[in-house]
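Working through the structure, step by step
So the chains spell out like this:
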Amino acid sequence: MGLFACAPVALSLAVDLRVLEFLKGLSVWLTPNIMAWTDTLQVFLNEQGYHHHGSDNFQCCFSNAYHWYCVFFMWNQDLLLNKIVAARVPSMLEEVREHVPLCFEASNWRKEPPTHPMYVSILC
């Protein structure tokens, strides 16, 4: 899937997107305890022969990556929702225009009495 960096500059850790997605899903069911999770992950990776060689500690780097992944995820969801709403608004306006023509008529309804029974029910 890909990797997500812990910082845009001076990269010292890149985390697999699947791990971040797993942690995001896990935090829905459990209290997010990044410190315990990263300590466990670091011990596991050290036992596998992988060592973190950076000036920042592993927990700080992982926490940054997770934080910005969540920010990116929420921004992306918001962007997608706005695109969906923007695509639906013109059709919704046309539907309102059909059912409530008074809102879109150029004539002044205060000077001219309504001629259609639907106008009367809207004004009441």
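Residues numbered from 1 in each chain as written. Predicted model: local features only at pLDDT ≥ 70, side-chain atom pairs only at ≥ 80, totals over all residues. Heavy atoms only, no water.

Turning our attention to the overall build of the protein chain. Regarding its fold elements, the protein chain presents 4 helices and 2 strands. Order of helices (α) and strands (β) in the protein chain, N terminus to C terminus: β-β-α-α-α-α. Of all 124 residues assigned to the protein chain, the portion counted as buried reaches 17%. In the protein chain, 44% of the contacts between residues at least 6 apart in sequence involve partners at least 24 apart. Surface accessibility of the protein chain: about 9600 Å² in total, with carbon and sulfur atoms responsible for 63%. (Helix = DSSP H or I, 4+ residues; strand = E, 2+ residues; numbered from the N terminus. Buried < 20%, exposed > 50% of the residue type's maximum accessible area, 1.4 Å probe, protein only. Contact = heavy atoms within 4.5 Å. Areas by Shrake-Rupley, 256 points an atom, 1.4 Å probe, with all protein chains shown as cover.)

Moving on, we come to the side chain of T38. One can find T38 in helix α2 (residues 34-47). With relative accessibility at 1%, the residue T38 sits in the buried group. Other than its neighbours up to four places away in sequence, T38 contacts F58, Q59 and F62.

Another aspect to go through is α2. The first and last C-alpha atoms of α2 sit 20 Å apart over 14 residues, in line with the 20 Å expected at 1.5 Å per residue. Those residues of α2 that fall on the buried side of the exposure criterion are I34, T38 and L41. Along the long axis of α2, the arc covered by the buried residues comes to 65°, so they all point the same way. Residues M35, T40 and E47 are exposed on α2 and point more than 90 degrees away from its buried face. G49, located one to two residues past α2, shows a positive phi value of around 100°. (Expected span 1.5 Å × (residues − 1). Arc of directions from axis to C-beta.)

A few words now on the pattern of salt bridges. It is possible for side chains of opposite charge to pair when their charged atoms get near one another. Evaluation of the coordinates by the stated rule reveals 2 salt bridges. For R18, the salt bridge identified is with D16, shortest N-O distance 2.9 Å. Between K24 and E21 there is a salt bridge whose closest N-O contact spans 3.5 Å. Of this pair, K24 and E21 both sit in helix α1 (residues 17-29), 3 residues apart, roughly one helical turn. E21 sits in the partly exposed class, given a relative accessible area of 33%. (Salt bridge = Lys/Arg side-chain N within 4 Å of Asp/Glu carboxyl O.)

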